[in-house]
Amino acid sequence: MKDEFRQSILDALSNPNLTGALGNFSVAYRAGRAKAYEGVDFEALRTEIASIKSSASSHFDELAAQFKRAAEARGTKVFCTSDPKAVRDYILRLAQERGVKSIVKSKSMATEEIHLNKHLEKAGIDVQETDLGEWIIQLAGQTPSHMVMPAIHMTKEEVATVFSNKVEDGQKPDIPKLVKFARGKLRPMFLNADMGISGANIAVAETGSIVIMTNEGNARLVTTLPRIHVALVGYEKLIEHFKDIAPIVTALPKSATAQLLTSYLSVISGPTPNTDGTPKELHIILMDNRRNEMSHDPRFKEALQCIRCASCLNVCPVFRLVGGHVFGKVYTGGIGTILTAWFDALKASDEIQSLCIQCGNCRDVCPGKIDIPELILELRRRLAVEQGQPLIQKAIFSVVNNRRLFHTMMRAAYIGQAPFAKDGFIRHLPMFLSDMTANRSLPTIAAEPFRDRIKKIKQPKCAEKAAFFGGCLVDFAYPEMGESVVKVLNKAGIEVIFPEGQTCCGAPARYSGAYEVAAQNGADNIDALLAEDVKYVVSACPTCTVALKQDFIANLEAVGRTAELPAARKLAEKVVDFSTLAEQLVQQGRLKFKPGIETSKFTYHDSCHFKRTLRADQTPRKLMKQAGYELVEMDECDMCCGMGGSYTLKLPEISAPILERKLSNVEKAGAPLLLIDCPGCVMQIRGGLDKRGSKIKVEHTAQRLAESLE
Amino acid sequence: MSTVLESSALIESFKTRAEAVSAKVEHVATKQEALDLIVRLLQQEGVEDKPHCGAVWAACPMLGAADKDKLAASVPGLTFDVTRDLAADAKVGISQMEWALANTGTLVQCADAVDTRLVSTLPLLHIAVISTRAMLPDLPAVLTRVDPLKSAYLSFITGPSRTADIERVLTIGVHGPERLIIVLVDDLEVAA
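Going along each chain's sequence as written, the residues are numbered from 1 onward. Lettering for chains starts from A, numbering for ligands starts from 1, and both go in the order in which the items are written. Confidence filtering applies because this is a predicted model: local features only for residues at pLDDT of at least 70, side-chain atom pairs given and counted only at 80 or more, and all residues used for totals across whole chains, interfaces and linings. The side-chain figures draw on all heavy atoms in the structure; neither hydrogens nor water molecules are used.

Draft legend 1. Examining empty space enclosed by the protein more closely. All names here are of chain A. The pocket and cavity definitions rest on a 1 Å grid over protein atoms only: a 1.4 Å probe that fits but cannot leave marks a cavity, an open set with protein on both sides within 12 Å along at least five of seven lines marks a pocket, and residues lining either have an atom within 4 Å of a point. Grid points are joined across faces, edges and corners, and a volume is the space filled by probe spheres set on the points. Scanning the model with the defined rule gives 7 cavities of 30 Å³ or more in all. Roughly 160 Å³ of volume is contained in the largest cavity. In terms of lining, the largest cavity is formed by 21 residues, of which the most central are Cys316, Gly334, Cys356, Ile357 and Cys362. Per the convention used, a helix needs a DSSP run of H or I reaching at least four residues, while a strand needs a run of E reaching at least two, with both numbered from the N terminus. Those elements that place two or more of their residues in the lining of the largest cavity are helix H16 (333–344), helix H17 (361–365) and helix H18 (372–387). Of the residues assigned to the lining of the largest cavity, the class counts are 14 nonpolar, 7 polar and no charged. Volume-wise, the second largest cavity comes out at about 80 Å³. Taken together, 14 residues line the second largest cavity, and the ones lying closest to its centre are Cys306, Cys309, Cys312, Cys366 and Pro367. Looking at side-chain class alone, the lining of the second largest cavity contains 11 nonpolar, 2 polar and 1 charged residues. In this classification, the charged set is Asp, Glu, Lys and Arg, the nonpolar set is Ala, Val, Leu, Ile, Met, Phe, Trp, Tyr, Cys and Pro, and all remaining amino acids, among them Gly, are polar.

Draft legend 2. A look at the interface of chain A and chain B. In this description, contact between two residues means that some pair of their heavy atoms is separated by no more than 4.5 Å. Taken together, the 62 residues of chain A in the interface contact 46 residues of chain B. Of all residues in chain A, A:Arg183, A:Glu216 and A:Arg220 bury the most surface against chain B, accounting for 15% of the area lost on that side. Salt bridges are counted wherever a side-chain nitrogen of Lys or Arg sits within 4 Å of a carboxyl oxygen of Asp or Glu. Linking chain A to chain B there are 2 salt bridges. Between A:Lys156 and B:Glu167 there is a salt bridge; the shortest N-O distance is 3.8 Å. Two N or O atoms form a polar contact when they lie within 3.5 Å of each other; inside protein one atom must be a possible hydrogen donor and the other a possible acceptor, and for residues adjacent in sequence the pair counts only when both atoms belong to side chains. Counting across the interface, chain A meets chain B through 33 residue pairs in polar contact (both at pLDDT 80 or more). Ranked by the residues each element gives to the side of chain A that touches chain B, the list is headed by helix H10 (residues 175–192) of chain A, at 10 residues. Considered class by class, the residues forming the side of chain A that touches chain B number 31 nonpolar, 21 polar and 10 charged. The pairing criterion for strands is at least two bridges between them, as found by DSSP. Of the strand pairs in this sheet, strand E9 (residues 264–268) of chain A and strand E9 (residues 153–157) of chain B are connected by 5 bridges, and their pairing is antiparallel. The partner of A:Val267 across the bridge, within E9(B), is B:Leu154. Defined here as a combined quantity, buried area equals the accessible surface (1.4 Å probe) lost by two parts on assembly, summed across both.

Draft legend 3. Layout of helix H2 (residues 16–36) of chain A. All names here are of chain A. One fewer than the residue count of a helix, multiplied by 1.5 Å, yields its expected span. For H2, built from 21 residues, the straight-helix expectation of 30 Å at 1.5 Å per residue is met to within 8% by its first-to-last C-alpha distance of 29 Å. Accessible area is worked out with a 1.4 Å probe on protein chains only. A residue is then buried under 20% of its type maximum, exposed over 50%, and partly exposed in between. Buried within H2 we find Leu18, Leu22, Gly23, Phe25, Ser26, Tyr29, Arg33 and Ala36. For H2, the N-terminal cap is asparagine 15; the gap from its side-chain oxygen to the backbone nitrogen of asparagine 17 is 3.0 Å.

Draft legend 4. Structural detail: the pairing of strand E6 (residues 106–110) of chain B. Residue and element names in this part refer to chain B. Taken across its 5 residues, E6 has 4 buried, putting it largely inside the fold. Across 3 bridges, strand E5 (residues 99–101) lies against E6 in antiparallel orientation. Each residue of the ladder has a partner; that of alanine 100, found in E6, is leucine 107. Linking two consecutive strands that pair antiparallel, namely E5 and E6, is a turn of 4 residues; a positive phi of about 70° is found at glycine 105 within it. Of the strand pairs in this sheet, E6 and E9 are connected by 4 bridges, and their pairing is antiparallel. Bridge pairing in E9 places valine 108 opposite phenylalanine 156.

Draft legend 5. Focus on the sheet that holds strand E4 (residues 92–96) of chain B. Residues and elements named next belong to chain B. Across the sheet, which stays open at both edges, the 6 strands sit in the order E1-E12-E7-E4-E2-E3 with parallel pairing between neighbours. The open sheet has two edge strands with one neighbour each: strand E1 (24–30) and strand E3 (78–79). Pairing of strand E7 (residues 125–131) with strand E12 (residues 179–187) involves 7 bridges; the strand directions are parallel. When the sheet's bridge partners are listed, leucine 125 is paired in E12 with arginine 179. For helices, the axis comes from a line fit to the C-alpha atoms of the stretch in contact; other axes are also lines fit to C-alpha atoms, and the angle between any two N-to-C directions lies between 0 and 180 degrees. Sitting on the sheet, helix H5 (residues 114–121) is in contact with strand E2 (55–57), E4 and E7, with an inclination near 135° to E4.

Draft legend 6. Geometry of the pattern of salt bridges. All names here are of chain A. The tally for this structure, following the rule as stated, stands at 59 salt bridges over all chains. Salt-bridge contacts for arginine 510 lead to glutamate 374; the nearest nitrogen and oxygen are separated by 2.8 Å. A residue pair is termed long-range when its members are at least 10 positions apart, and arginine 510 in helix H24 (residues 507–511) and glutamate 374 in helix H18 qualify at 136 residues. Taking relative accessible area as the criterion, arginine 510 reaches 3% and is therefore assigned buried. Ionic contacts of the salt-bridge type, sharing partners, join the residues Asp297, Arg299, Glu374, Glu378, Arg381, Arg382, Arg510 and Asp551 into one network.

Draft legend 7. Here's a closer look at the packing of helix H26 (residues 542–558) of chain A against helix H27 (residues 565–574) of chain A. Residues and elements named next belong to chain A. In the contact formed by H26 and H27, the axes pass within 8 Å of each other and the chain directions differ by 170°. Here H26 is positioned roughly antiparallel relative to H27, judged by the angle of their axes. Two secondary-structure elements touch here, H26 through Leu548, Lys549, Phe552, Ile553, Leu556 and Glu557 and H27 through Leu565, Ala568, Arg569, Leu571 and Ala572. Looking at the contact of H26 with H27 residue by residue, the class counts come to 8 nonpolar, no polar and 3 charged. Angle categories are assigned with fixed cut-offs, so that under 35 degrees is roughly parallel, over 145 is roughly antiparallel, 65 to 115 is roughly perpendicular, and the rest are oblique.

Draft legend 8. Structural context of the nonpolar core. Residues and elements named next belong to chain A. Within the largest apolar cluster, 133 residues are counted, with the highest numbers of intra-cluster contacts made by Ile338 and Ile654. What isoleucine 654 contacts, discounting residues up to four positions off in sequence, is Ile9, Leu13, Val318, Leu321, Val322, Leu355 and Tyr647. By size, the runner-up hydrophobic cluster in this structure holds 63 residues, among which are Cys637, Ile676, Met683 and Val698. We define a nonpolar core as any set of buried Ala, Val, Leu, Ile, Met, Phe, Trp, Tyr and Cys residues linked to one another through side-chain atoms lying within 4.5 Å.

Draft legend 9. A look at the packing of aromatic side chains. Residues and elements named next belong to chain A. Ring geometry is summarised as follows: Phe, Tyr and Trp rings, the Trp one being its six-membered ring, pair when their centres sit within 6.5 Å, and such pairs are stacked at plane angles under 30 degrees, edge-to-face over 60 and tilted between the two. For the structure shown, the criterion picks out 13 aromatic pairs over all chains. Ring geometry for phenylalanine 60 against tyrosine 235: centres 5.7 Å apart, planes inclined by 70°, an arrangement best described as edge-to-face. With a gap of 175 residues between them, phenylalanine 60 in helix H4 (residues 60–73) and tyrosine 235 in the loop between strand E7 (228–234) and strand E8 (238–239) connect regions that are remote in the sequence. Relative to tyrosine 629, the ring of phenylalanine 602 has its centre 6.3 Å away and its plane inclined at 90°; by these criteria the two rings are edge-to-face. One end of the pair, phenylalanine 602, is in strand E18 (residues 601–605); the other, tyrosine 629, is in the loop between helix H30 (618–626) and strand E19 (630–631), and 27 residues separate them in sequence. For the pair formed by phenylalanine 602 and tyrosine 629, the shared burial category is buried. An aromatic cluster is built from Trp135, Phe163 and Phe181, whose rings are joined through pairwise contacts.

Draft legend 10. Expanded view of the state of the cysteines. When two cysteine sulfur atoms lie within 2.5 Å, the pair is treated as a disulfide. Per the counting criterion, the structure on display carries 0 disulfides over all chains. Just so you know, A:Cys678 is unpaired, no disulfide at all, and the nearest cysteine sulfur is the one on A:Cys681, 3.8 Å from it.

Draft legend 11. How the structure looks around the environment of A:Leu22. All names here are of chain A. Among the structural elements, leucine 22 can be located in helix H2. When the C-alpha positions of leucine 22 and serine 57 are compared, they lie 33 Å apart, and in sequence the two are 35 residues distant. Discounting residues that sit within four places of it in the chain, leucine 22 has contacts with Ile152, Phe319, Arg320 and Gly323.

Draft legend 12. Up close: the environment of A:Glu516. Mapped onto the fold, A:Glu516 is located in helix H25 (residues 515–530). A C-alpha to C-alpha distance of 9.7 Å links A:Glu516 and A:Arg381, two positions 135 residues apart in sequence.

Structure representation (structure tokens):
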């Protein structure tokens, strides 16, 4: 990671205005969005949008041609081009030929993408942004930090200073007054401008219509007052049918700003008369700029389903800490990372893709149904192929991929840690590892890994068998979690075996883009876990469960090892996470709760993979309530804890404040017990609470459940 | 009977939604009552024949049979000949809308004629008249009724102009009107 990038993260993190504004917004947005979607079947709506947009991106060229025919039949001039330079030249030439001296613009990310303003200004034309946020950053000489709210990173004090320095002295940090000031200053510019430039939210091929949504009303003025209107529209805005405007317009304001509808929506299907009676000159530029190429990429075609609502930014635990500028100058956040890789260059996404912690929040809220985290992994994979793995990572994976060496090193680590360990925690580590313990204590490596401990457990002989997949944390740090799993399953008459050949689940390699390594991990595990005939393969780690159930297949497919897919699928069918299996066993009457046990209140932390991939989040809550425990939900119970596997090592600066927020929410809930289904989250949160000196007990659901059953 | 009930439910929903986005909603029975109400509103707002105090009323079906001279006489400063300069200087703009959407509190207008846009964008107060018979449930319903080949500029208006671009604080009234008064009229013919 370059120092410059790390510095930009540190700068953002140390800007209290930024983190405060974004943090508050993310809380308000969450509630507002839920309210806006009340009574709406979001899954059905986004499935419809995804289908409309996906079908459009399969036929960009045809739709662009159809749009051109329909619009030109009404007198609109349409220019289709793949080249950003041709767009800039077209607009500049038009402006010069028509004697345009001043231009007013409503918000358009496409014009940001091609740096249009600079080009026009260089030719001596006055260009005014009129969206309040865009105007502020234009005056401040900055770039948008958010697709929908470009100036969200600035305080009213900063805005007042910008207005005072750049427009008129003496502006006070009073928001209504600042807004009125902007209205007063921009009004004559609207009235005097010779040309209006807008973007569009949708372009309808069959009617040649563009749809523009704004709240401020500036797009209505931009498209009404100047005698020439130019709209710049990216190909991804094309849809075929007029009626398909409805689902997009229904979702966009709800997802963007938690509004049912923006104040203004204009559907322009041809030139209308100007205020002096002359016909308006209407130009629509359809810009490809790699969208067609993207539509032919089997993985990234999906990203063209984006409707530019920026909800992926609003729910991102990383974005709300660092804001947009860390991501770059145009498109920011999750989808911005993907768009930057395409519209700029794959290399340009090299650093920003590492910001993604893979929590999956954005996938759940995307109205275009885009699997953004998965696409970011694909970027990682392609970057790793193009540039190779960083040396240190390579060394780590060569160890992980060598089962014996890995296990030997873990045992060696147990011996090596002795001087630093205390009460089951490592509180201080020397030198290069010190970042790891700055904000949370790490668990000590267990004296005896679970693979050895299980041999000493006296299990009943049962007809039904389950293979236990430990994963590194249960095996080497938390063998007691594994013991609880065995205890519970034994009670239900299931014998647990621990196939010795199992190795790392491959998640660390996969999440770093090292798919070859991940695929080999998967293949080794498939052999080990299918060696004996068992009914279930159970894991107490959601990341491992997802690896066994889904990623093994995906990794083998990605590297073309198709011969091994049937075995991978066979394994996937047997794989189940601990809580889901326990709940099934309770339902079958094979597990019974102990009456009269001492219970307490508990709060529950949703682990990312457990909730958003396995969708098992309600299961442990239900189990523990049945056991007699009282659930107290914490705020943001399903927000990431900042662990993210190796994220905590790569970006400890970001991981730490995410954890701090989680810890505060845990403490605020006021329950003496926190249950979690993921050993990684247990490590992160238990360590964090230990550092704070908290008395709250943190356990895996399996541990508490084992004590609650007859 | 059921259609009456349905339509009153739509009107109720429209009112709730429009008021939730800071519009003010008045409901009258007849066109005459609507005209009287508007005259009263203009007088209350201090419309007069002075700079920055005028009102502009865009041509619309409800004005067809009305006595414009009488209206103009009762409110000096009110004009029906909308120009860019008059609209830019006016305090109040008045126009009639084609449809209303109950589930979002939205007004819809075929706004090809530029004066309809001038009066609803430039003045600080916009008074929008709409027949309750033109009430539709939602956006898909209106999209099947409008023909983009016939109207080149369709305007959807939901509440007054707003922004939250500074510190996410909602502020009403940016480039468009800072107030929107919607006059619902039962007995008003619907445009074809």
